Amino acid sequence: ASYDMGGHDTYMHKEISEQADAVDRVLRGRIDEKFSTVHLGGLNLDAREARGIRRVKILGCGTSYHAGMIGASLIEGLARIPADSEPASEFRYRNPVVDPDTLYIAVSQSGETYDVLAAVQELKRKGARVLGVVNVVGSAIAREADGGVYVHAGPEVCVVSTKCFTNTVVAFALLALHLGRIRDLSVADGKRIIEGLRKLPGQIQEILEGEEDIKKLAAEYADAKSMMFIGRVRGYPVALEASLKLKEISYIHAEAYPASELKHGPLALIEPAMPTVAIVPNDSLLEKNRAAMEEIKARSGKILAVAHQVQEKADHTIIVPKNEDELDPILMGIPLQLLAYHTALALGRDIDKPRNLAKSVTVE
Ligand code: AGP
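Residues numbered from 1 in each chain as written. Predicted model: local features only at pLDDT ≥ 70, side-chain atom pairs only at ≥ 80, totals over all residues.

Caption draft 1: The site of the ligand, seen in detail. Around the ligand, the surrounding shell holds 16 residues, and the nearest of these are Gly-62, Thr-63, Ser-108, Ser-110 and Thr-113. The leading source of residues in the shell around the ligand is helix α4 (residues 62-79), at three residues. (Near = placed C-beta within 6 Å. Helix = DSSP H or I, 4+ residues; strand = E, 2+ residues; numbered from the N terminus.)

Caption draft 2: Spatial organisation of the pairing of strand β8 (residues 226-231). For β8, a buried count of five out of six residues is recorded, marking the element as mostly surrounded by other parts of the structure. Of the strand pairs in this sheet, β8 and strand β9 (residues 253-258) are connected by six bridges, and their pairing is parallel. Bridging across to β9, Gly-231 finds its partner in Pro-258. Since β8 and β9 lie parallel, the crossover through helix α11 (residues 235-250) that links them has a hand, and here it is right-handed. (Buried ≥ 20, exposed ≤ 12 C-beta atoms within 10 Å, placed from the backbone. Pairing = 2+ DSSP bridges. Right-handed = clockwise from strand over helix to strand, strands pointing away.)

Caption draft 3: Layout of the packing of α4 against helix α8 (residues 163-182). Contact geometry of α4 with α8 gives a least axis separation of 8 Å together with a crossing angle of 25°. Between α4 and α8, the crossing angle belongs to the class labelled roughly parallel. In this structure, the crossing between α4 and α8 has a hand that is right-handed. Contacts between α4 and α8 involve Thr-63, Ser-64, Ala-67, Ile-70, Gly-71, Leu-74, Ile-75, Leu-78 and Ala-79 from the former and Phe-165, Thr-168, Val-169, Phe-172, Ala-173, Leu-175, Ala-176, Leu-177, Leu-179 and Gly-180 from the latter. Here the residues of the contact of α4 with α8 are counted per class, giving 14 nonpolar, five polar and no charged. (Axes fitted to C-alpha atoms, helices over the stretch in contact; angles between N-to-C directions. Parallel < 35°, antiparallel > 145°, perpendicular 65-115°, else oblique. Left-handed = near helix turned anticlockwise from the far one by under 90°. Contact = placed C-beta atoms within 7 Å. Nonpolar A, V, L, I, M, F, W, Y, C, P; charged D, E, K, R; others polar.)

Caption draft 4: Region of interest: the sheet that holds strand β7 (residues 147-150). A sheet is described by the order of its strands in space; here five strands give the open sequence β4-β3-β5-β6-β7, paired in parallel fashion. With one partner strand each, in any of the chains shown, β4 (83-87) and β7 form the two edges of the open sheet. Between one strand axis and the next, the sheet turns by 20° as a mean value, whatever way the strands run. Strand direction decides the pairing type here: strand β6 (residues 129-134) and β7, joined by four bridges, are parallel. Bridge pairing links Val-134 to Tyr-150 in β7. Where α4 meets the sheet, its contacts fall on β3 (55-60), β4 and β5 (102-108), and the angle it forms with β4 comes to roughly 170°.

Caption draft 5: Looking closely at the packing of helix α2 (residues 19-27) against α8. Viewed as axis vectors pointing N to C, α2 and α8 meet at an angle of 30°, and their least axial separation amounts to 9 Å. Considered as vectors, α2 and α8 are oriented roughly parallel to each other. The hand of the α2/α8 crossing is right-handed. Residues Gln-19, Ala-22, Val-23, Val-26 and Leu-27 of α2 touch α8, and the partners they reach there are Lys-163, Thr-166, Asn-167, Val-170 and Ala-171. Looking at the contact of α2 with α8 residue by residue, the class counts come to six nonpolar, three polar and one charged.

Caption draft 6: Representation of unusual backbone geometry within the structure. The phi torsion at Ser-36 lies on the positive side, around 50°, for a residue other than glycine. Of note, Ser-36 is situated in the loop between β1 (31-32) and β2 (37-38). If you check the backbone angles, Asn-356 has positive phi at about 70° while not being a glycine. Position of Asn-356 relative to the elements: it lies in the segment after α14 (334-346).

Caption draft 7: Structural view of the environment of Thr-63. Relative to the assigned elements, Thr-63 resides in helix α4. Sequence-wise, Thr-63 and Glu-86 are 23 residues apart; in three dimensions their C-alpha atoms are separated by 12 Å. Excluding anything up to four places from it in sequence, Thr-63 contacts Ser-161, Phe-165, Glu-241 and Leu-244.

So far we have only geometry, and geometry alone does not tell us how the molecule works.
Here it is, written out as structure tokens:
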């Protein structure tokens, strides 16, 4: 498919720039102010069934798997249901125990990724309930699932996913809020999350307006041979996704680690030639994250922090607007899409069509 680039040089840039509108779209018509919850028309899951769920297992590949990790933490945090995300490819090859009280959720931009589809088919054959969190309407995974939430990111042409990642996480926030409000999430907390969700498009626009500064930072880091990305709990999937994005389009080697794991091995890699991107939200883990930055500094590592306020330990800080703690990961990923983009651009890469990759992997 070919769509108008709308004055952008690449689809990736166009798609990054569209994210405020895209998030607006995934929210539109779904928020219920009266009950501080959301309506998700295609879910096919009544309140009694929703209360019976004992576990949530999210399955996806690549960026969708990372979006699922944030989704799992939203569901666990807001609905208090144990949840985790696993690469669909791993899941289907390990002969998993399929449990009738587990809700399975397949995540896919294209809705055609073979490993995800095969996992869904295997689950359905074993009688499991499977929902889809999918972008492409009417795609194979959307059709195969028992119900689900459309992500409404609009067409994504660039091989690497940006706006769909963001919208998928927002779709998970809606699902988590819905499940939470059927279970034990209070009206006040429901309201708090809804207010946070409503702030997202404006805050995303604010981040995008800082593009020139991020471009300068990209020039500063583009000669790195290798980069480390760290985050803690909610920040860890953000680090994973940012490192994947950088690898895919700039071909710079990148590692992502939970900040707490640094001292268990990867600290050995830290030296001036291996800069670190640190995800440092203003939440209860701020001091812990500062301590991790201190450990890196002590080894002469250069640090770029993504934070809500200037970080003294870091060489540079990209400041993002603060939202509710649960929703912060959505915003913290966005400047790092721009960082990957401008790094790849500085290195002269073919951004929309990175070598060796396909937009959707429809074979085994
Ligand atoms: C995204 O930047 C990648 N191209 C890739 O990891 C992708 O997310 C993965 O192949 C899954 O695709 P899907 O979301 O269409 O299922």
